[in-house]
Amino acid sequence: MERNINMTMETLIGNIPKYVFPKLAFDDIAVLALLGLGSTAWLLNGKLWNKSDPYNYLWFERPQQTQVKAKESNAETRDTAKKLAETKKDIIILWGSQSGTAESFAERLRRDLRQRFGINALCADLSDFDPQTIEALPSSKVAIFLLSTYGEGNPSDNSVDFCDWLKTASISLANLRYIAFGLGNSNYKFYNRVVDSVVQKLDEVGAESLLPVGRADDAQGNTEEDFCAWKEKVFKMLCQRLNLSEKNPEYEPTINIQPVASGNIFYGVPIMQSHARQYISSIQALPVKQSRELYANGDRRCLHIEIDLSMHQELKYKTGDHLGIWPINPENEISQLLEILGLTATKDEPISISALDSSMKLKVPTQTTVDALFRHYLEICAPVSRETIHSLAQFAPTETAREHTRQLGDSSSVYATLQTHSYITINRLLRLAGGESEVWNIPLSYLIEVLPAMTPRYYSISSSSVVQPRQAAITVSVSTRSLSNNATEVVPGLATNYLLALKQSLNPVEAEGHPQGLTYSLDGPQNVLAQGKVHVHIRRSTFKLPIAASHPIIMVAAGTGIAPFRGFLQERMRLELAGREVGKMYLFFGCRNRNEDFLYRDEIETFQATLGNTLTVVTAFSREEKVVKTSRMYIQDRIKERMLEIGALLGNADTHFYVCGAASMARDVSKVIGQHLSDANGLDGDQITEWFERQKKVKAVARRCLGLKIPEAWIIGCVDVHSCLVARY
């Protein structure tokens, strides 16, 4: 009976298709099965496959929201008055830094106060504290501000909150005693605007300035000397007010270094300072998919590099963003520095690094090795300051070496002459002062304190995220600067020459050897960069196309300033091919010679052919063309020639105007436009400035400026301004 029932059930189940689908053929059943699979896949979308990017929200999150979360999670550490009381310190040094210079100056000031006067000061990132807590500082404390300005008077990323709060706050700071120093560049219109604005507001609300504001001007290369001169004034004033006496400045370490047997060792994977994390993606080792030379003429070379992002789906860029490249120090500088310090034998032994002052932040990771420090974490190729040279005398191995370093450190003129004749790194300085065979017994803690931390070099992404979303391109001008009084001595750019060596390793058939004879450990720490990878991250930018493709744009570029505009044109051409309405575009591009350094010439010709009258390309070749018989043709001259049509387009409220190139070029372009506004509309100087400010507020004017002497090159305009077009080296 049971067997019969089972047979009946099997028969019924087996005949279900006959009853349910009595007339369906095999093809019909197959289609239904596919539909079922498709429905299942749709239901599982976002659960088992095509999961959403867990980091995607970062690209839309307001930086202020991130800062609020940080404040809520760590509120007890964000009160300046409370922190000074807890640490029993009377001076707080607050820094706002974009490229790291103001930060390093603040740390040097803190160190000198301790070693020369026995004063323990607190050195702090402005973004680490709530701005309003400065109201609670008692008159017994002193606040020292070191503030950088970049672009057209813009504060550094980490000082935006403080400047915004101070600008609008209705407060009284009658108890606040302060000193201020600004870092800027007089090539820019609003030289040291940040420190001047902060000082003006502090004075308005009753704060007491203990010294006239100090200013450094990088336009003349005087930032270091300006800082040293101001610092001596600070010390003199503090001695008078606090009745201090200066002691013999002997080195006192601020960090402790101990050998360790094992642990989580940092062998060179980059670390990002906390105040910058909210603006960037994670740092990843990504493969170089393509690296080719756009031109190579004598000592001038330019690379086009494409980075493959497909290994990390969370890495996404938008057209106009920046790519941060983490360089590696060259092999010869590393090995020679290890040798002259007597550290070659112990370079791979793990060490632990800790701050002796709990309020001090380490700029290098722990645990690590000496080799990793010199190869990846410290900029051993950076020029050595005169002040550092002076302090090195205490570690000199011979009296001759001591006298040599003292002479260089004591005389600004001797030091300036040396800079024009010799490329002075820490390794080269020690060999110059003490000879090739003398070993210097310099504490590793001292080197960590005085050498700059390794920082990324930023490049505008020269591709469109719409056209190639998983591949980011950059345009790199290889830097090899000859010294003014010694043409045979070359200062090789750190990141650009590293990228050139990487390009040569990926194209061994074409490789002719590095022009400067430099070699690098291209496989990276523990081979994480093997097979042509680099450590990179993406940084958000405000240098963007208008949201509406129909809005007209005017692009002005010189040299590698063409990089972001290549991405703009790629994107607009794709939209044109997709049937979208695309607004009128002008591209003004300047270089030396059409057959030498006309970057992306073939692509630009393709853009022109595809976009037709929508795109007008105007070129200026300074070594071929002349305005008059004795004057070279520059891009601002071409703009002047077409000022009537450009002026008419600027009259359109939807037009966006972009400038990307050297600061001097951007300034000259602004003068041409200002002259037109004066001639055509009768505007005076103040009204022209008002016009530019108004255009920037509606994001109609955006300018990027670059230069080898400026650590991260600056973007000017666009309401929120962020740094980085090309790397410093």
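Computed from a predicted structure; not experimentally measured. (Residues numbered from 1 in each chain as written. Predicted model: local features only at pLDDT ≥ 70, side-chain atom pairs only at ≥ 80, totals over all residues. Heavy atoms only, no water.)

## Topic: the packing of helix H18 (residues 563-577) against helix H19 (residues 601-611)
Our working definition: Here, axes are lines fitted to C-alpha atoms. For helices the fit covers the stretch in contact, and angles between N-to-C directions go from 0 to 180 degrees. Secondary structure is summarised from DSSP: a helix means a run of H or I of at least four residues, a strand means a run of E of at least two, and numbering begins at the N terminus for each. Here roughly perpendicular refers to angles of 65 to 115 degrees, roughly parallel to angles under 35, roughly antiparallel to angles over 145, and oblique to all remaining angles. Throughout, a crossing is termed right-handed when the near helix is turned clockwise from the far one, and left-handed when it is turned anticlockwise from it by less than a right angle. In what follows, residue pairs with any heavy atoms lying within 4.5 Å of each other are defined as contacts. By the convention adopted, Pro, Cys, Tyr, Trp, Phe, Met, Ile, Leu, Val and Ala count as nonpolar, Lys, Arg, Asp and Glu as charged, and the other residues, Gly among them, as polar.
For the pair H18 and H19, the least separation of the axes is 10 Å and the interaxial angle reads 30 degrees. The orientation of H18 with respect to H19, classified from their angle, is roughly parallel. Viewed along their axes, H18 and H19 form a crossing whose handedness is left-handed. For the pair formed by H18 and H19, the contact residues are Arg566, Leu569, Gln570, Arg572, Met573, Glu576 and Leu577 on the first element and Glu603, Thr606, Phe607, Thr610 and Leu611 on the second. Of the residues in the contact of H18 with H19, the class split is 5 nonpolar, 3 polar and 4 charged.

## Concerning unusual backbone geometry
Look at the link from threonine 366 to glutamine 367: it is a cis peptide, with omega at 10 degrees. Along the chain, glutamine 367 falls in the loop between strand E12 (351-355) and helix H11 (370-377). With a phi angle near 55 degrees, asparagine 192 is a residue other than glycine that sits in the positive phi range. Mapped onto the elements of the fold, asparagine 192 is located in the loop between strand E5 (177-184) and helix H8 (193-204). A positive phi angle, near 60 degrees, is found at tyrosine 600, a position not held by glycine.

## Thoughts on the pairing of strand E19 (residues 585-591)
Remember that side chains alternate between the two faces of the sheet whenever the strand is regular. This is how the line gets drawn: Each residue is placed in one exposure class: buried if its accessible area under a 1.4 Å probe, protein chains only, is under 20% of its type's maximum, exposed if it is over 50%, and partly exposed if it falls in between. We call two strands paired when DSSP finds no fewer than two bridges between them. A crossover counts as right-handed when, viewed with the strands pointing away from the observer, the path leading from the first strand over the helix to the second turns clockwise.
In terms of burial, E19 is a largely internal element, 7 of the 7 residues being buried. Going residue by residue along E19, you find Met585, Leu587, Phe589 and Cys591 tucked away on one face and Tyr586, Phe588 and Gly590 tucked away on the opposite face as well. Where strand E18 (residues 553-558) lies against E19, 6 bridges are found, and the strand directions are parallel. Bridged to isoleucine 553 within E19 is methionine 585. Between E18 and its parallel partner E19, the chain crosses via H18, and the hand of that crossover is right-handed. In terms of strand pairing, E19 meets strand E20 (residues 615-621) through 7 bridges, oriented parallel. The residue bridging cysteine 591 from the neighbouring strand is phenylalanine 621, located in E20. With respect to chirality, the unit in which E19 leads through H19 into the neighbouring parallel E20 is right-handed.

## A closer look at the pattern of salt bridges
Put simply, the rule reads: Salt bridge, as used here, is a side-chain nitrogen of Lys or Arg placed within 4 Å of a carboxyl oxygen of Asp or Glu.
On inspection of all chains with the given rule, the structure shows 38 salt bridges. The salt bridge involving lysine 141 is made with aspartate 90; its shortest N-O contact spans 2.9 Å. Here the residue lysine 141 occupies a position in the loop between strand E2 (121-125) and strand E3 (142-150), and aspartate 90 occupies one in the loop between helix H5 (80-87) and strand E1 (91-96), the gap between them amounting to 51 residues. By relative accessible area, which is 15% here, lysine 141 ends up buried. Given the relative accessible area of 44%, aspartate 90 is considered partly exposed. The residue arginine 428 makes a salt bridge to glutamate 489 at a minimum N-O spacing of 3.6 Å.

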